[in-house]
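# Structural characterization, general
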Amino acid sequence: MKLVDLFEKKTVFSLEVFPPRKNTSKESILPTLSSLNDISPDFISVTLGAGGTAQGNETIEVANLIQNQLHVPAVAHIPSLYRNQDQVDELLDQLAADNIQNVLALRGDPVDGLSPNGTFYHASDLVAYIDREYPNFDVAAACYPEVHQESPSVVADIEGLRRKVDAGADHLISQLFFDNQHFYEFQERLALAGITVPVEAGIMPCTNKKQIERITKFSGVPVPKKYQKMLDRYADNSLALKDAGIAYAIEQIVDLVSQGVDGIHLYTMNKPEIAEKIWDATKTIFEANQTKDRGAIELVH
Ligand code: FAD
């Protein structure tokens, strides 16, 4: 069964991890994975750096552990800006050999001092290539409820997305956001553009202030005032900030799932205890949606 078919049956709950640092044994991530497995996620995706140093071995090894030891579907991220066709083929062939046929096709962020390879300049180029040459793969792509930071306009952003979906992206996974209203407005834009593939909402629980500030600055994601107040108030109390961040993420998820979102993709930051708390607080609402009706998008203003 392709991953995309899952969305017909239920509200999907997926997780994202990053591989251990270079020169660290891949087994060091096993306790994290095994705790995350207790949540019974629908799939776990594994990130891969865009730049020159990340060959992809670590990502493939971790994806292999997820798929073949945990028996949870694994999704390997593939940023393509600095990879040529042979390098992409090598990754896809190795994944297929490991019985993994799910990828998140990405462009990757530009890295200072590196020149793009030019083969896959946009994610849509990679999506089209995989769709043509590796038709058994389930291909997800990224989307941006608050508009990708390089997009010159909201319309250009949706046009970029349209290209990925037309090229064969089976479903979309969103960038993190802290204001659900922006996600609902994004869903309306997708509906207007006739983009009907399932879209998972990306949720990142706050684990510490510096990390959130670094990620939001890098990705251009706006931080709502009330979220900033929470970060500022509990900046020096890591336990309180963690609890507040978990509560905020739970509130976002309950709202999104109640409104009929296709799925939640949790950026775990390799912190299984946080993912477990969020799952414990929300699993009944996911379970209640097992035979959900995707229905039409309603205005929630
Ligand atoms: P694209 O779809 O190519 O879009 C990039 C920009 O180009 C957009 O502004 C778009 O509107 C525009 N565009 C698209 N097509 C065209 C066209 N034909 N002509 C003109 N403009 C166009 N990065 C990593 O390096 N590793 C990861 O593991 C990783 N995981 C991620 C997971 C998720 C869920 C998300 C949301 C992002 C992830 N990223 C990762 C970050 C991602 O690589 C960056 O956001 C990157 O800047 C854009 O990637 P993209 O695949 O969306 O690119």
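Here, the structure is the one placed above.
Here's a quick rundown of the structure. Just so we're clear, the structure is a prediction, and the values are computed from it rather than from any experiment. Per chain, the residues get numbers from 1 upward, laid out in the order the sequence is written. Only residues with pLDDT of 70 or above have their local features reported here, since the model is predicted, and side-chain atom pairs are shown and tallied only from 80 upward, although totals for entire chains, interfaces and linings are computed over all residues. Each side-chain value is derived from all of the structure's non-hydrogen atoms; neither hydrogens nor water enter the calculation.

## Quick look at the overall build of the chain
- Counting secondary structure elements, the chain contains 11 helices and 8 strands.
- For the chain, the C-alpha radius of gyration of 18 Å lies close to 19 Å, the compact-globule estimate for 301 residues.
- The classification of residues rests on relative accessible area computed with a 1.4 Å probe and restricted to protein chains. Under 20% of the type maximum is buried, over 50% is exposed, and intermediate values are partly exposed. Taken across its 301 residues, the chain has 52% of its residues classed as buried.
- Two residues qualify as a contact provided that any one of their heavy atoms is within 4.5 Å of a heavy atom in the partner residue. Sequence-distant contacts, at least 24 apart, represent 82% of the contacts inside the chain between residues at least 6 apart.
- Areas reported as accessible are Shrake-Rupley estimates using a 1.4 Å probe. Residue values count occlusion only from the protein chains shown. If you sum the accessible surface of the chain, you get close to 14,100 Å²; carbon and sulfur atoms cover 48% of it.
- Side chains of the chain carry 27 positive and 42 negative charges; the gap between the two charge centres is 6 Å. Secondary structure elements follow DSSP: runs of H or I of four or more residues count as helices, runs of E of two or more count as strands, with numbering from the N terminus. We compute the radius of gyration over the C-alpha atoms and compare it with the globule rule, which gives 2.2 Å times the number of residues raised to the power 0.38. Positive: Lys, Arg. Negative: Asp, Glu. His and the chain ends are not part of the count. Charge positions come from single atoms, namely NZ of Lys, CZ of Arg, CG of Asp or CD of Glu.

## Some thoughts on the site of the ligand
- Residue proximity to a molecule or strand is established when one non-hydrogen atom of the residue lies within 4 Å of it. Near the ligand there are 24 residues, and of these Leu 48, Arg 107, Asp 109, Tyr 144 and Lys 164 occur at the shortest range.
- Definition of a polar contact: a pair of N or O atoms within 3.5 Å, with one able to donate and the other able to accept a hydrogen when the atoms are protein atoms, and with sequence-neighbouring residues admitted only if both atoms are side-chain atoms. One nitrogen or oxygen atom from the side chain of His 77 is found 2.9 Å from an oxygen atom belonging to the ligand.
- Within the contact set of the ligand, an oxygen atom lies 2.9 Å away from a backbone nitrogen or oxygen of Ala 123.
- About the coverage of the ligand: the protein hides 84% of its 980 Å² of free accessible area.
- When the residues that make up the shell around the ligand are grouped by side-chain class, the tally is 11 nonpolar, 8 polar and 5 charged. Each residue receives one of three labels: charged for Asp, Glu, Lys and Arg, nonpolar for Ala, Val, Leu, Ile, Met, Phe, Trp, Tyr, Cys and Pro, and polar for the others, Gly being one of them.

## Examining helix α10 (residues 238-258)
- The span expected for a helix works out to 1.5 Å for each residue beyond the first. For α10, built from 21 residues, the straight-helix expectation of 30 Å at 1.5 Å per residue is met to within 8% by its first-to-last C-alpha distance of 30 Å.
- Within α10 the residues assigned to the buried category are Leu 241, Ala 244, Gly 245, Ile 246, Tyr 248, Ala 249, Ile 250, Gln 252, Ile 253, Leu 256 and Val 257.
- The inward-facing, buried residues of α10 contact α7 (180-192), β7 (199-203), α8 (209-219), α9 (225-233), β8 (263-267) and α11 (272-287).
- Directly beyond the C-terminal end of α10, a positive phi value near 90° is found at Gly 260.

## Focus: the packing of α10 against α11
- The axes used here are C-alpha line fits, helices contributing only the stretch in contact, and every angle between their N-to-C directions lies in the interval 0 to 180 degrees. As a packed pair, α10 and α11 sit with axes 10 Å apart at the nearest point and diverge in direction by 30°. On the basis of the axis angle, α10 is roughly parallel to α11. Between α10 and α11 lies a crossing of right-handed hand. Contacts between α10 and α11 pair Lys 242, Asp 243, Ile 246, Ala 249, Ile 250, Ile 253, Val 254 and Val 257 from the former with Glu 273, Ile 274, Lys 277, Ile 278, Ala 281, Thr 282, Ile 285 and Phe 286 from the latter. For classification purposes, angles smaller than 35 degrees are called roughly parallel, those larger than 145 roughly antiparallel, those between 65 and 115 roughly perpendicular, and all remaining angles oblique. Each helix crossing is assigned a hand: it is left-handed if the near helix lies turned anticlockwise from the far helix by less than a right angle, otherwise right-handed if that turn is clockwise.

## Overview of the environment of Pro 205
- Inspection of the secondary structure assignment puts Pro 205 in the loop between β7 and α8.
- Owing to a relative accessible area of 4%, Pro 205 belongs among the buried residues under this scheme.
- Along the sequence, Pro 205 and Asp 98 sit 107 residues apart, while their C-alpha atoms lie 31 Å from each other.
- Ignoring anything within four residues of it in the chain, the contact list for Pro 205 reads Ile 212, Gly 245, Ala 249, Leu 266, Tyr 267, Ile 274 and Ile 278.

## Remarks on the pairing of strand β5 (residues 138-143)
- When you tally the buried positions in β5, you get 6 out of 6 residues, the bulk of the element.
- Along β5, one buried face is formed by Asp 138, Ala 140 and Ala 142 and the opposite face, lined by Val 139, Ala 141 and Cys 143, is buried too.
- For two strands to be treated as a pair, DSSP must find no fewer than two bridges joining them. Here 4 bridges tie strand β4 (residues 102-106) to β5, and the two strands are oriented parallel to one another. The partner of Ala 105 across the bridge, within β5, is Ala 141.

## Here we look at helix α2 (residues 30-37)
- Of the positions making up α2, those classed as buried are Thr 32, Leu 33 and Leu 36. All buried residues of α2 project into a common sector of 95° when viewed along the axis, lining one side.
- Residues of α2 that are buried in the fold lie against β1 (12-17), α3 (57-68) and α11. Arc, as used here, means the arc of the directions from the helix axis to the C-beta atoms.

## Considerations on the packing of aromatic side chains
- The aromatic pairing rule takes the rings of Phe, Tyr and Trp, using the six-membered ring of Trp, and pairs them if the centres are within 6.5 Å, calling planes under 30 degrees apart stacked, those over 60 edge-to-face and the rest tilted. For the structure on display, the rule yields 11 aromatic pairs.
- Members of the aromatic cluster, joined through ring pairs, are Phe 120, Tyr 129, Tyr 134 and Phe 137.

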